[in-house]
Amino acid sequence: MSLLGFAPWEWLALVEHELLLFAGFFFLLGALDEFAVDLIWIWLKLTGRAKVARLAEEKASSPLLGRAAVFIPAWQEERVIGTTVAHALAVWPQQDWRLYIGCYRNDSATAEAARFASRGDPRLHIVTLDSDGPSTKADCLNWLYRAMEQDEARSGKAFQMVVLHDAEDMVDPAALTVLDAAICGSDHSSRADFVQLPVLPMPQPGSPWISGHYCEEFAEAHGKGLVVRDAISAGIPAAGVGCANSRQILAQMAAMQSSQLPFAADCLTEDYELGLNVTALGARGRFLRLRHSDGRLVATRAFFPARIDQSVRQKTRWVHGIALQSWDRLGWSSRGGRSGLAEIWMRLRDRRGPLTALVLALAYLLLALAALGWGAAQMGYAVAWPLSPAMEALLIANFVGFGWRILWRFAFKLREYGPGQAVMAIFRIPVANIIAIMAGRRAVMAYLQTLRGKAIFWDKTSHDAHSVWIASRKATQRRSGAL
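Just so it is clear, the model here is predicted, and its values are computed rather than measured.

Here we look at the overall build of the protein
And step 1. Looking only at helices and strands, the protein features 15 helices and 11 strands.
And step 2. Relative to the globule expectation of 23 Å for 483 residues, the C-alpha radius of gyration of the protein, 24 Å, shows essentially globular dimensions.
And step 3. With the C-alpha coordinates of the protein rotated into their principal frame, the extents come out at 85 × 60 × 45 Å.
And step 4. The buried share of the protein, taken over its 483 residues, is 51%.
And step 5. When contacts within the protein are restricted to residue pairs at least 6 apart in sequence, those whose partners lie at least 24 apart make up 83%.
And step 6. Surface summary for the protein: the accessible area is close to 22,500 Å², and the carbon and sulfur share equals 62%.
And step 7. Positive and negative side-chain charges of the protein, numbering 51 and 44 respectively, have mean locations separated by a distance of 4 Å.

Now the structure itself:
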């Protein structure tokens, strides 16, 4: 017998029991949190408040009500920026908008690729930063903001909205018109100062497991989570792409900063903060879901990281910026410094990443210990620790909650991607969990390093493929089949 009269295998069973209690409690808490969001979404659907409108195709390319500026910060994006520029200039035929591409002075390849793809289109404005890159994405956006101000001063014409996109985005043909109508529309009662459209990750050939797991995450988050958030009047976090701010609200944000610039240069997730700051200023933010006449979602489409190291690095930045850094920078306040229950609830959900990573890691450790204990019991070395009725009820509740979550994930994935991808979403759950564990650990370590004075820089994701290429290939195949 060992310490306190317990044999080694009995200690193993005790540890397993305590881990089961800890993980089971927090899994149940998370399941109840998600269930509350589910119930609100169901109510919104039943009452018609979450109805997705159909867009008349003749309105997709109608003239803009106000001048628009589109900002794309770029660093070493020469492989994809040309496709993004050419596609945007082609599908947005309106002339009253300008595309600002931010390029660093030590990244001439990106600038040349963008310039070549534009074929001399006067709507493109390449802004060369007078510094070596990378700095931060927010810093690059501030350079674009300065360039826009200079253009306004020279022309005497002010922009009415600023749209944000990334270098790898496949913009939706109707997106510019939809954003313009929401921000510059004639009906002042329905106007907004910030609008976010859905983001739709595209399945990437050659990476069904890593890149693919983003598809189900965004399908549910932008099909349910942000819909609920909009309905309960909580702040809408910007995704950094497919979103627009009114020119007026950006100027207001800039006036509040000592730099007189709207984007926080020392922030890893300036896009997330941007949307919440709109609400904090008492302005209106909206999340809009519309569909084309053929059923396609009006959304920004893009490839997400295809390798596990890239995915972990990207999600580390998200967890670090949203769950940890924003806690310091934003706190829990909303409008005018007042905290509402809806806002606190949503910010709790935003900041649960590190805790989720810990609970998932303990759950996988628990599986390993359970397998070890079962093997020892089969060989007669140990006896299973008896479960109390309360523990059995906790386990049953967790299994029911897990099954419920699978059904929701399957349903949202099915609507946007079809049955094959919906089935894959179920089998990709362990992949998503492992990435979440790795990103959560790295985010906490990175945050601790910043507390010790380490500078923040743009730890961006590399992009080697573009969703426009795949869309063009599929269109060619469909035409060939029709012939």
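So that's the structure; there's more coming.
Description of unusual backbone geometry
And step 1. Residues Gly 133 and Pro 134 are joined by a peptide bond in cis, for which omega reads 0°.
And step 2. Within the secondary structure layout, Pro 134 lies in the loop between strand S4 (124-129) and helix H4 (137-155).
And step 3. For Gln 76, which is not glycine, the phi torsion reads 55° and is therefore positive.
And step 4. Topologically, Gln 76 is positioned in the loop between strand S2 (68-73) and helix H2 (81-91).

As for the packing of H2 against helix H3 (residues 108-118)
And step 1. Running from amino to carboxyl end, H2 crosses H3 at an angle of 30°, the nearest separation of the two axes being 8 Å. Taken as axis vectors, H2 and H3 run roughly parallel relative to one another. In this structure, the crossing between H2 and H3 has a hand that is right-handed. Seen from H2, the contacting residues are Ile 81, Gly 82, Val 85, Ala 86 and Leu 89; seen from H3, they are Thr 110, Ala 113, Ala 114, Ala 117 and Ser 118.
And step 2. Along the lines of polarity and charge, the residues of the contact of H2 with H3 split into 7 nonpolar, 3 polar and no charged.

Digging into the environment of Ile 308
And step 1. With respect to the helices and strands, Ile 308 occurs in helix H9 (residues 308-330).
And step 2. Put simply, Ile 308 and Gly 225 are 83 residues apart on the chain and 25 Å apart in space, counted from C-alpha to C-alpha.

So, the sheet that holds strand S8 (residues 243-246)
And step 1. Spatial ordering of the open sheet is given by S4-S3-S2-S5-S8-S6-S9, a layout of 7 strands whose pairing is mixed. The sheet terminates laterally at S4 and strand S9 (285-287), the two strands that pair on one side only. Between one strand and the next, the sheet's axes are offset by a mean angle of 20°, whatever the strand orientation.
And step 2. Where strand S6 (residues 194-196) lies against S8, 3 bridges are found, and the strand directions are antiparallel. Bridging across to S8, Phe 194 finds its partner in Asn 245.
And step 3. Sheet contacts for helix H7 (residues 247-255): strand S5 (161-164) and S8; angle to S8, the most-contacted strand, approximately 75°.

Some details on H7
And step 1. Every buried residue of H7 is accounted for by Arg 247, Ile 249, Leu 250, Met 253 and Ala 254. In a view along the axis of H7, the buried residues occupy a sector of 165°, so they form one face of it. Exposed side chains of H7 directed beyond 90 degrees from the buried face belong to Gln 248 and Ala 255.
And step 2. On its buried side, H7 packs onto H4, S5, S8 and helix H8 (270-280).

Details of the environment of Asn 433
And step 1. Locating Asn 433 in the fold gives a position in helix H14 (residues 429-451).
And step 2. Residues Asn 433 and Ala 357 lie 76 residues apart in sequence; the distance between their C-alpha atoms is 7.8 Å.
And step 3. Ignoring anything within four residues of it in the chain, the contact list for Asn 433 reads Leu 360 and Tyr 364.

Overview of a nonpolar patch on the surface
And step 1. Together, Phe 35, Leu 39, Trp 404 and Leu 407 line one region of the surface with nonpolar side chains, adding up to about 370 Å² of accessible area.
And step 2. Residue assignment for the nonpolar patch shows that the elements contributing at least two residues are helix H1 (8-46) and helix H12 (389-417).
And step 3. Relative to the elements of secondary structure, Phe 35 occurs in helix H1.
And step 4. Residue classification places Phe 35 among the partly exposed positions, given a relative accessible area of 34%.

Conventions adopted
- Residues numbered from 1 in each chain as written.
- Predicted model: local features only at pLDDT ≥ 70, side-chain atom pairs only at ≥ 80, totals over all residues.
- Heavy atoms only, no water.
- Helix = DSSP H or I, 4+ residues; strand = E, 2+ residues; numbered from the N terminus.
- Rg over C-alpha atoms; globule rule 2.2 N^0.38 Å.
- Buried < 20%, exposed > 50% of the residue type's maximum accessible area, 1.4 Å probe, protein only.
- Contact = heavy atoms within 4.5 Å.
- Areas by Shrake-Rupley, 256 points an atom, 1.4 Å probe, with all protein chains shown as cover.
- Lys, Arg positive; Asp, Glu negative; His and termini not counted.
- Charge placed at Lys NZ, Arg CZ, Asp CG, Glu CD.
- Axes fitted to C-alpha atoms, helices over the stretch in contact; angles between N-to-C directions.
- Parallel < 35°, antiparallel > 145°, perpendicular 65-115°, else oblique.
- Left-handed = near helix turned anticlockwise from the far one by under 90°.
- Nonpolar A, V, L, I, M, F, W, Y, C, P; charged D, E, K, R; others polar.
- Pairing = 2+ DSSP bridges.
- Arc of directions from axis to C-beta.
- Patch = residues over 30% accessible without salt bridge, like charges linked within 9 Å, V, L, I, M, F, W, Y side chains within 5 Å.
- Salt bridge = Lys/Arg side-chain N within 4 Å of Asp/Glu carboxyl O.

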